[in-house]
Amino acid sequence: MKVSLTGALRTAADGVAEIDVEATTIRELLTRVLERYPDMDGLVDDGIAVSINGEIFRDNWSEPIPADAE
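Okay, so let's go over this structure. Since we're looking at a predicted model, the values are computed, not measured. All residue numbers refer to positions counted from 1 along the written sequence of the respective chain. Local features in this predicted model are restricted to residues of pLDDT 70 or higher, and side-chain atom pairs are both shown and tallied only at a pLDDT of 80 or more, whereas totals for entire chains, interfaces and linings draw on every residue. Heavy atoms from the whole structure form the basis of all side-chain values; hydrogens and water molecules are not counted.

## What about the pattern of salt bridges?
It is possible for side chains of opposite charge to pair when their charged atoms get near one another. Rules: What counts as a salt bridge is simple: a side-chain nitrogen of Lys or Arg found within 4 Å of a carboxyl oxygen of Asp or Glu. Counting from the N terminus, the helices are the DSSP runs of H or I reaching at least four residues and the strands are the DSSP runs of E reaching at least two. Exposed residues in this analysis have more than 50% of their type's maximum accessible area, buried residues have under 20%, and partly exposed residues fall in between, with area computed by a 1.4 Å probe over protein chains only.
Following the criterion strictly, the structure yields three salt bridges and no others. Taking the shortest distance from any N to any O, the salt bridge between Glu35 and Arg32 comes out at 3.5 Å. Of this pair, Glu35 and Arg32 both sit in helix α2 (residues 26-36), three residues apart, which is roughly one turn of that helix. Since its relative accessible area comes to 31%, Arg32 is described here as partly exposed. What you see here is one network of salt bridges that share partners, running through Glu28, Arg32 and Glu35.

Following this line, the structure appears as structure tokens:
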């Protein structure tokens with residue numbers, strides 16, 4: 001799936017705007033992203049929101065990600 005990065009997350013990813021990640025839950029997605037870009041760790045610890053198909057998730061990291069999600 002394609003993950004769009006904005007703001008401070010994009011900066012922590014050396015300016016990369018979009019990455020491909022394989023994940024089935026938000027927690028797995030964040031783990032995969034942090035493996036690639038460990039500089040994001042503090043930002044994720046401070047709290048971030050994840051948008052899946054237009055719905056915002058802030059705390060439910062066990063939320064499944066549908067296969068066709070945006």
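## Considerations on the nonpolar core
Note on soluble globular proteins: their nonpolar side chains tend to be buried together. The following threshold applies: Among the buried residues, those of types Ala, Val, Leu, Ile, Met, Phe, Trp, Tyr and Cys that are joined through side-chain atoms within 4.5 Å form a nonpolar core. Residue contacts follow a heavy-atom distance rule, with two residues in contact if any of their heavy atoms lie within 4.5 Å.
Ranked by size, the top nonpolar core spans 22 residues in total, and within it Ile26 and Met40 carry the most contacts. For this core, the secondary structure elements donating two or more residues are α1 (7-12), α2 and β3 (50-52). Take this core: its biggest share by element is four residues, from α2. Met40 has contacts with Leu5, Leu9, Ala12, Ala13, Val33 and Leu34, leaving out every residue within four places of it along the chain.

As far as function goes, none of this settles anything; it's purely spatial.
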